[in-house]
Amino acid sequence: METGVSASPPTRWPWWRLALAAVLIGLSTWLGTQAWLQAHVGQDAELDLVWQGVLDGTPHWRAYQNRLLGPWLVQGLSVSGLGGLPTFVALSLLLGFGALCLSLLRRHTEAWSAFGMGLALMLWWLPMHHWSAPWDLLDMLFLLALCLLVARGAPPWQLLVLYGVALWSRESALIVCLYLALCALHGRRWRLLAVAVAAGIAGLLVVHGLREALFRESPLPGVGWDEAHRALGNHNNIAKNLDVLLHAQLTPMGQHALIAYAALLLLHGAAVVVFWRRGHTALALLCLTLLAYLGSMLVFGYVVEGRLYQPLALSAAWLLCEMGQPSSGLHPLRRQETPR
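Residues numbered from 1 in each chain as written. Predicted model: local features only at pLDDT ≥ 70, side-chain atom pairs only at ≥ 80, totals over all residues. Heavy atoms only, no water.

**Q** I'm lost on the nonpolar core in this one. Help?
**A** Within soluble globular proteins, side chains that are nonpolar tend to cluster in buried spots. Counting 89 residues, the largest nonpolar core has Phe142, Leu146, Tyr179, Trp318 and Leu319 as the members making the most contacts within it. The biggest single contributor to this core is helix α6 (residues 134-151), with twelve residues. Apart from the residues lying within four places of it in its own chain, the contact partners of Phe142 are Leu162, Ala166, Ser172, Ala173, Ile175 and Val176. Residues Val50, Leu68, Ala133 and Trp135 belong to the second largest nonpolar core, which totals seven residues. (Core = buried A, V, L, I, M, F, W, Y, C linked by side-chain atoms within 4.5 Å. Buried < 20%, exposed > 50% of the residue type's maximum accessible area, 1.4 Å probe, protein only. Helix = DSSP H or I, 4+ residues; strand = E, 2+ residues; numbered from the N terminus. Contact = heavy atoms within 4.5 Å.)

**Q** Explanation requested: the packing of aromatic side chains in the structure shown.
**A** Here a ring pair, both rings aromatic, is described through the centre-centre distance and the interplanar angle of the planes. All chains considered together, the criterion is met by three aromatic pairs. On the basis of an interplanar angle of 50° and a centroid distance of 5.1 Å, the ring pair of Tyr64 and Trp135 is categorised as tilted. Linking Tyr64 in the loop between α2 (44-56) and α3 (69-79) with Trp135 in helix α6, this pair joins segments that are 71 residues apart in sequence. As far as the burial class goes, Tyr64 and Trp135 line up, both buried. With a centroid separation of 4.8 Å and an interplanar angle of 10°, the aromatic rings of Tyr261 and Tyr309 are classed as stacked. Taken together, the residues span a long stretch of sequence, with Tyr261 in helix α12 (residues 252-278) and Tyr309 in the loop between α13 (281-300) and α14 (313-324) at a distance of 48 residues. Per residue, the accessibility class of Tyr261 equals that of Tyr309, and both read buried. The ring of Tyr302 carries the charged tip of Lys240 above its face, separated from the ring centre by 4.2 Å. (Phe/Tyr/Trp six-rings, centres within 6.5 Å; stacked < 30°, edge-to-face > 60°. Lys NZ or Arg CZ within 6 Å of the ring centre and 35° of its normal.)

**Q** What is the right way to read the packing of α12 against α13 from this model?
**A** In helix packing, the relevant descriptors are the interaxial angle and the interaxial distance, both defined with respect to the helix axes. Where α12 contacts α13, the axes come no closer than 8 Å and their chain directions differ by 155°. One finds that α12 runs roughly antiparallel with respect to α13. As for the relative orientation of α12 and α13, their crossing is left-handed in sense. For the pair formed by α12 and α13, the contact residues are Tyr261, Leu264, Leu265, His268, Gly269, Ala271, Val272, Phe275 and Trp276 on the first element and Thr281, Leu283, Ala284, Leu285, Cys287, Leu288, Leu290, Leu291, Leu294, Gly295, Met297 and Leu298 on the second. In the contact of α12 with α13, the residues fall into 17 nonpolar, four polar and no charged. (Axes fitted to C-alpha atoms, helices over the stretch in contact; angles between N-to-C directions. Parallel < 35°, antiparallel > 145°, perpendicular 65-115°, else oblique. Left-handed = near helix turned anticlockwise from the far one by under 90°. Nonpolar A, V, L, I, M, F, W, Y, C, P; charged D, E, K, R; others polar.)

**Q** Looking at this structure, I do not really get the confidence of the model for the protein chain. What am I missing?
**A** The predicted coordinates ought not to be read in detail in places where the model reports low pLDDT. In the predicted model, the protein chain carries a mean pLDDT of 87, and 88% of its residues have values of at least 70. For residues 1-10, every residue scores under 50 in pLDDT, and the model assigns this stretch 26 contacts once sequence neighbours within four places are set aside. Segment residues 328-335 is flagged for pLDDT under 50; beyond a separation of four residues in sequence, or across chains, it makes 37 contacts in the model. (pLDDT = per-residue confidence, 0-100.)

**Q** Quick question: what am I supposed to make of α6 here?
**A** Note: α-helices contain 3.6 residues per turn, so residues at a spacing of three or four share the same orientation. An ideal rise of 1.5 Å per residue puts 26 Å on 18 residues; α6 measures up with 26 Å between its terminal C-alpha atoms. When you tally the buried positions in α6, you get 16 out of 18 residues, the bulk of the element. Just beyond α6, the residue with positive phi is Gly153, at close to 70°. (Expected span 1.5 Å × (residues − 1).)

**Q** How should I be thinking about the packing of α6 against α14 in this particular structure?
**A** Axis separation between α6 and α14 bottoms out at 7 Å; the angle between their running directions is 30°. In terms of axis orientation, α6 runs roughly parallel to α14. Where α6 abuts α14, its residues Met140, Leu143, Leu144, Cys147, Leu148 and Ala151 lie against Leu314, Ser315, Trp318 and Leu319. Looking at the contact of α6 with α14 residue by residue, the class counts come to nine nonpolar, one polar and no charged.

**Q** Looking at this model, I keep getting lost on the pattern of salt bridges. Mind explaining?
**A** Opposite charge on two side chains makes pairing possible when the charged atoms of those side chains draw close. Per the stated rule, a full pass over the model turns up seven salt bridges. Of the charged contacts, one joins Arg67 and Glu171 as a salt bridge, the two residues approaching to 2.5 Å between their closest N and O atoms. Residue Arg67 is located in the loop between α2 and α3, and its partner Glu171 is located in the loop between α7 (156-166) and α8 (175-187); the two are separated by 104 residues in the primary sequence. What you see here is one network of salt bridges that share partners, running through Arg67, Glu171 and Arg211. (Salt bridge = Lys/Arg side-chain N within 4 Å of Asp/Glu carboxyl O.)

Below you can see the structure in the form of structure tokens.
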């Protein structure tokens, strides 16, 4: 059964391909970092309070308390004297754009690769929000890594390793369990379904266990008694989002966020159909999973908060390039089955 790509990548690239990759990666990283810096001028102290608060017990938001990986990494940069959150943003973008560019150049033509990088940069810039957190950047890297693993037919254990790491950054890592469950149901593989369900339950226990413990043990007076933020349903925003969509006068930032949201919904919906018709079952189920992830933002997010959509910038650009050039390039995708 063919589950991965059709050929091994070339062992050596010509110098001009390496130069093109360096230019695309460097330019995208610089522009993305500059866009982030311009959007957050004068907010250094406020942004630091967000990630430092996870380690210190503030802010009171219970939903932040399990997102430890990003704050640990930013604190490590700060302690080592390499910078703080802006440095973390630049390094994350360098890693993300670098992985995207190399993957696109292996699989597609140079023109398509440049287009994909430009699209990723636009999707990163368009929903830029005045609030930012390190876990948003890690979520972006997680989603791209998930796409790349699925494309090469990675076995479930590799996806579960990615899940185990990403879970310490943001609860969106739980979509790996949903993807594996969809694969199991499609192939009637009940053992894989049991593993996916067990992993999902374990992940939920970790998320809510950390949230409850760290929230309750916060050194700030009264934090553990803040029942409004302690309740499991405190992030149910359906009514708030409906009011925004039906009645609110949107700022330019809110309008950009909704444009990005609509574009991502359309792209992933089309990708499900395109990949399914081509027989790329694994990618079709992945796009269905990402579509469900986007839909959940109507409940658990705030639709005009564009930072929710920024993590999908790189993965969405990669998927669109796969849709646009299914049979050309150095590394075309074969007909895929779901992971075994």
